[in-house]
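Understanding the architecture of this molecule
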Amino acid sequence: MCLAVCGRILSISTAAAGDPALWRCAEVDFGGLSQTVSLACLPQARVGDQVLVHVGFALSVVRDDP
Amino acid sequence: MTREPSAVLAELQAILTRPWTLMEVCGGQTHSIVRWGLDQLLPDALELVHGPGCPVCVTPAQTIEQALELAMRPEVLLCSFGDMLRVPAGSAGGTCDLQQVRAAGGNVRVITRPHQVLELARRQPERQVVLLAVGFETTAPAVALLAEQACALGLSNLSLLLAQARVVPAMAAIAAAPERRVQGFLAAGHVAAVMGHGELEQLAMRQQIPVVITGFAPLELLQGVLACVRLLEAGTPRLHNAYAQVVRPQGNPAAQALLRQVFAVADGPWRGLGSVAGGVLQLRAAYRHLDARVRFGLSSPIDAPERVCLEPRCRADQVLQGLLRPSECPSFGTACTPHHPLGAPMVSAEGACAAYMQRSGRHG
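Think of each chain on its own: its residues are numbered from 1, step by step along the sequence as written. Here chains are named by letter from A upward and ligands by number from 1 upward, in the order in which they appear as written. The predicted origin of the model limits local features to residues at a pLDDT of at least 70 and limits the giving and counting of side-chain atom pairs to 80 or more, whereas totals for whole chains, interfaces and linings rest on all residues.

1. Quick notes on the overall build of chain A
The line we're drawing: The secondary structure listing takes helices from DSSP runs of H or I that are at least 4 residues long and strands from runs of E that are at least 2 residues long, numbered from the N terminus. Each radius of gyration reported is based on C-alpha atoms, and the globular scaling rule is 2.2 Å times the count of residues to the power 0.38.
On a plain count of helices and strands, chain A comes out with 1 helix and 5 strands. Reading chain A from its N terminus to its C terminus gives the helix and strand order β-α-β-β-β-β. For 66 residues, the compact-globule estimate of 2.2 N^0.38 gives 11 Å, and the C-alpha radius of gyration of chain A, at 11 Å, lies within 12% of that figure. Principal axes of the C-alpha set define a box for chain A whose edges measure 35 × 25 × 20 Å.

2. Quick notes on the interface of chain A and chain B
The following threshold applies: What counts as a contact is two residues whose backbone-derived C-beta atoms lie within 7 Å of each other. Residue polarity is assigned by list, with Asp, Glu, Lys and Arg as charged and Ala, Val, Leu, Ile, Met, Phe, Trp, Tyr, Cys and Pro as nonpolar; anything else, Gly included, falls into the polar class.
Counting from both sides, the interface comprises 21 residues of chain A and, opposite them, 34 residues of chain B. No other element matches strand S5 (residues 57-61) of chain A, which puts 3 residues into the side of chain A that touches chain B. Along the lines of polarity and charge, the residues of the side of chain A that touches chain B split into 14 nonpolar, 5 polar and 2 charged.

3. Observations regarding unusual backbone geometry
Operational definition: Residues with at least 20 other C-beta atoms within 10 Å of their own are called buried, those with 12 or fewer are called exposed, and the rest are partly exposed. The C-beta atoms themselves are positioned from the backbone.
Here A:Val55, not a glycine, exhibits a phi torsion of approximately 40°, which is positive. Inspection of the secondary structure puts A:Val55 in the loop between strand S4 (50-54) and S5. Even without being glycine, B:Gln208 reaches a positive phi, approximately 50°. Considering the arrangement of structural elements, one finds B:Gln208 in the loop between helix H11 (198-207) and strand S8 (211-214). C-beta crowding within 10 Å serves as the criterion here: with 11 such atoms nearby, B:Gln208 is assigned to the exposed category.

4. As for the sheet that holds strand S5 (residues 128-135) of chain B
Residues and elements named next belong to chain B. Keep this limit in mind: Two strands pair if DSSP finds at least two bridges between them. Interaxial angle, 0 to 180 degrees, is taken between N-to-C directions of lines fitted to C-alpha atoms, where a helix line uses only the stretch in contact.
The strand order across the open sheet formed by 6 strands is S4-S3-S5-S6-S11-S10, and the pairing between neighbours is mixed. A strand with exactly one partner marks an edge of an open sheet, and here the two such strands are strand S4 (108-111) and strand S10 (263-270). Averaged over all neighbouring strand pairs, the angle between strand axes comes to 25°, with direction disregarded. Along the sheet, helix H7 (residues 114-123) contacts strand S3 (76-81), S4, S5 and strand S6 (158-165); its crossing angle with S5, the most-contacted strand, is approximately 175°. Across the sheet, helix H9 (residues 167-176) touches S10 and strand S11 (274-283), and the angle it forms with S11 is around 170°.

5. As for the domain arrangement of chain B
Residues and elements named next belong to chain B. As a reminder of what qualifies: Source of the domain bounds: an automatic or database domain assignment.
The domain architecture assigned to chain B consists of domain 1 (1-313) and domain 2 (316-358). Distance between the C-alpha centres of domain 1 and domain 2: 17 Å. With 29 residues of domain 1 at the interface, the matching set in domain 2 holds 21 residues. Mapped by element, the contributors of at least two residues to the side of domain 1 that touches domain 2 are helix H2 (27-35), strand S2 (46-53) and helix H4 (55-58). The leading source of residues in the side of domain 1 that touches domain 2 is H2, at 5 residues. Residue composition of the side of domain 1 that touches domain 2, by class: 15 nonpolar, 7 polar and 7 charged.

6. Details of the pairing of S6(B)
Residue and element names in this part refer to chain B. How we decide: For a crossover, the right-handed case is the one in which the path from the first strand over the helix to the second runs clockwise, viewed with the strands pointing away from the viewer.
In terms of residue burial, S6 counts as a mostly covered element, since 8 of its 8 residues are buried. Here 7 bridges tie S5 to S6, and the two strands are oriented parallel to one another. Bridge pairing in S6 links Leu 132 to Leu 161. Assessed by its sense of winding, the connection that carries the chain from S5 through helix H8 (residues 140-153) to S6 is right-handed. Bridge analysis of S6 against S11 gives 2 bridges, and the strand direction is antiparallel. The residue bridging Ala 165 from the neighbouring strand is Val 280, located in S11.

7. Observations concerning H11(B)
All names here are of chain B. Put simply, the rule reads: For this quantity, the arc is that covered by the directions from the helix axis to the C-beta atoms.
Those residues of H11 lying buried are Glu 199, Leu 200, Leu 203 and Ala 204. The buried residues of H11 all sit within an arc of 145° when viewed along its axis, so they share a single face. On its buried side, H11 packs onto H9, strand S7 (184-188), helix H10 (189-195), S8 and strand S9 (239-241). Where H11 ends, the next residue or the one after it, Gln 208, has phi of about 50°, a positive value.

8. Side note on the packing of H7(B) against H8(B)
Residues and elements named next belong to chain B. As a reminder, the rule being used: Throughout, the term roughly parallel applies to angles under 35 degrees, roughly antiparallel to angles over 145, roughly perpendicular to angles from 65 to 115, and oblique to all others. Crossing chirality is assigned from the near helix's rotation relative to the far helix, an anticlockwise turn below a right angle marking it left-handed and a clockwise turn marking it right-handed.
At their nearest, the axes of H7 and H8 sit 8 Å apart, and the two run at 25° to each other. Considering their axes alone, H7 and H8 lie roughly parallel with respect to each other. The two elements H7 and H8 meet at a crossing, and its hand is right-handed. Here H7 contributes Pro 114, His 115, Val 117 and Leu 118 to the contact with H8, which in turn contributes Ala 142, Val 143, Leu 146, Gln 149 and Ala 150. In terms of residue class, the contact of H7 with H8 is built from 7 nonpolar, 2 polar and no charged.

Here it is, written out as structure tokens:
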């Protein structure tokens, strides 16, 4: 259940109406398979960032060199 | 940081002066350890015991019984992560799971993301859509977001059957138990990605036990073990982050704020462990209208003492506390198999018993 997968953000979108923080989404590439993922809790995430995703929800921006 | 598994193992061998017992907390880590045979690569003096970090395994039987009951109601569409479908619940002699309820005509939908529940509720306004929301702090932010979004859209046909557990209080209970064997923790990296260092630091200090935030890949696990042994050998029981590429000291502040907004911390039951102080999340008053137990008149798990195990042949309670190795259970591989599980740890992709079964399957 706590398994999470890393993917790269291809694009970011926000719903036309409502609180943008609630609906901010990204198209994330997981090694060739892309899925829509919530960015509600990663306001700092940008296109090209590698993010850790769990149940369709981005938890953390992954750094290549910690 | 050492990058080669053989170098990590060599350093472990070099610094080890006595036997140590470590617990990896997360079931995902258990599976990785068993799958890659890491426990067999480690020096004999190091023992890894498996922790309770399997949300499916610790979801109270009462909650699963409530899910079974809801799924049989004609107006309800019960949504669940796939792992939960084969977890047995029900009274002794009459155990049942969600898969059987579905086969009997119950409305059960497997989902992989809470957001799907929002889509289902919007598309089927005539249906009561219920999410069996199990999980730890890794999953809780996605559930909290669903609650916020349901409120924002004014959806009156979406509700949550909540079984959200908090990992660190369960670690504290294990560390404080008089029969404690565990001398160091490999903490679950993805829970820490959300919650940060804070509560793990406190656990290490209060219980005087080394805690190492650890990832899931084989090398990450070996590096976690090495970091934990370093702390043990040096006699410095503190927190170390061996998963810094993902985990920041502050965790994910936006996710924490979302959790605080929607949930309150409560004492509550973990299947197999009994009541854990501060061990569960419940919906705050402003979100109570999304509580499936309120909506359908079911009892709250906070008020019900958790039975240790329904099935007398199942020793899941001891397995979950690291007191019994899965292969030492008399039912392991005989009365209890992945096809006919007696307890949740044999079902879940994170259950320790299932991990041991997969290994015994691979090696004949």
